[in-house]
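Chain by chain, the residues:
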Amino acid sequence: MQKTKHSLLSVGFAVLSHAAVAAESGFTLETVDPDADRLALQAFYQQRFPGVPLEEYVNGIYAIDPDSRKQWDALMEFPPYEFDLEEGEELFNTPFANGQGYADCFENGGIGIRQKYPYWNREEGSVKTLEQEINECRVKNGEEPLPWKKGDLAKVSAYMAFTSRGKVFEIEIPADDSRALQAYLDGKEFFYSKRGQLNLSCANCHLKGSRIHVRADLPGPALGHPTHFPVVRSKWGEIGTLHRRYEGCYRDTRSVPLPPQADEFRKLEYFQTYMSNGLVVNGPGARK
Amino acid sequence: MRKLTTVLSVATAALALSSSAVATPPQELIDEGRAIYHDKTRGNCISCHNIDDPVANLPGNQGPMMIAMKQRFPDKRLLRAQVWDATVANPLSIMPPVGKHWILSEDEIDAVVEYIYQY
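Keep in mind that what you see is a predicted model, and the values were worked out from it rather than measured. (Residues numbered from 1 in each chain as written. Chains lettered and ligands numbered in written order. Predicted model: local features only at pLDDT ≥ 70, side-chain atom pairs only at ≥ 80, totals over all residues. Heavy atoms only, no water.)

## Some points on the pattern of salt bridges
Residue and element names in this part refer to chain A. As a reminder, the rule being used: When a carboxyl oxygen of Asp or Glu is within 4 Å of a side-chain nitrogen of Lys or Arg, the pair counts as a salt bridge. A run of H or I in DSSP becomes a helix once it reaches four residues, and a run of E becomes a strand once it reaches two; helices and strands are each numbered from the N terminus.
One pass over the full model with this rule turns up 27 salt bridges over all chains. Linking Arg 69 and Glu 56 is a salt bridge whose minimum nitrogen-to-oxygen distance equals 3.0 Å. In this pair, Arg 69 is assigned in helix α4 (residues 66-75) and Glu 56 in the loop between α2 (34-48) and α3 (61-64), connecting sequence segments 13 residues apart. A salt bridge links Lys 267 to Asp 186, with the nearest nitrogen and oxygen atoms 2.9 Å apart. Here Asp 186 lies in helix α8 (residues 178-192) and Lys 267 lies in helix α11 (residues 263-275), a separation of 81 residues in the sequence. Overlapping salt bridges, with partners in common, bring together Asp 186, Asp 263, Arg 266 and Lys 267 in one network.

This is the structure:
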């Protein structure tokens, strides 16, 4: 399975460089084909922004808009997440009161594993995110869970992403548990559905609307959305998690709010990260 | 651009003269529409549509520029219908259904339509 997927992946890249267009696979369990969706999404952007290499999409809007890129390159001379990263490493390595630590909760001591998140958890029948498991690790060891959107949780997550830089996302949808495909489909539907008083979908702004101004803002491509999180965003003036961003963009549609780590957001992350399979982890990141 | 506007405003003037029976909308209504159009918390039309008004600030370009409205919408009611619910013409439109979703009141929509109809 793993083997086939990887060889398919490289075929995908090769075919696309000849500008073939993969078909999008629809919204029913019978038709949906995550890998076809992924290739179709890549094809969409390659046609929309010819000449931008796929691996650049980990850089969001800066992959496709030269003016923003120039400002960003200047910003990145002193990456604004450096302190958070240092603190994250220290937090990660500080034992809990019971002597255990984060390293004891994760595969490979928590190092170099970001590319496997989020994943389908068969026992719990739900999508698990890295942030969720960081907090579960704390609770299991008698510590208080951390707030989801910023602060220490984002810093620990940033450090874990940093140790995984350059690793290729390999989100799996186990074929022998149809609930996993359903979770992917729910995430996909969420992304494409119009919602809220403003009747906007994520796709409205991040596909057709990408690199087109909404007032002074330029929405970036959805391909690669999760790769660099958590992110230090100038507008926040601090580090924040992917679900903090989801919450904000979702609110911008004037919808009834959803909290970070809501079931809907975790499925959305599952869908979005699957779309980024083949791209590398480059978190933490910095954005305007 | 400047040229085009001049030509258009001449055309508009001619049009206005030829249909002098149509009452010109009161200035307060146009001013109200202008405020709605540019206010982030009200219509926020400027976030997607540029318009040749000196108060226009950081216009977006998701939608077409508001220009030659009388030529493009000789029937003002069709213009109002487009503003009221853009998804009738294009179900996937990124433009919010301003009337259908109660983003603006019916009076506010009238005002904003009068304002853009000047361009």
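## So, the confidence of the model for chain B
Residues and elements named next belong to chain B. Here is the rule we go by: Along the chain, pLDDT gives the predictor's confidence residue by residue, from 0 to 100. What makes two residues a contact is simply this: any of their non-hydrogen atoms within 4.5 Å.
Model confidence for chain B is summarised by a mean pLDDT of 86, while 81% of its residues fall at 70 or above. Counting contacts from residues 1-21, a segment whose pLDDT is below 50, to residues more than four positions away or on other chains yields 10 contacts. Scoring of the predicted complex yields 0.88 for pTM and 0.85 for ipTM.

## Topic: the interface of chain B and chain A
Let me state the cut-off plainly: Two parts placed together each lose some accessible area under a 1.4 Å probe, and the buried area is that loss summed for both. Each residue gets one label: Ala, Val, Leu, Ile, Met, Phe, Trp, Tyr, Cys and Pro are nonpolar, Asp, Glu, Lys and Arg are charged, and the others, such as Gly, are polar.
The interface is formed by 22 residues belonging to chain B together with 16 residues belonging to chain A. Contact with chain A buries area across many residues of chain B, yet Gln 62, Ile 94 and His 101 of chain B alone supply 33% of it, more than any other trio. Taken together, chain B and chain A are joined by zero salt bridges. Here the residues of the side of chain B that touches chain A are counted per class, giving 10 nonpolar, 10 polar and two charged.

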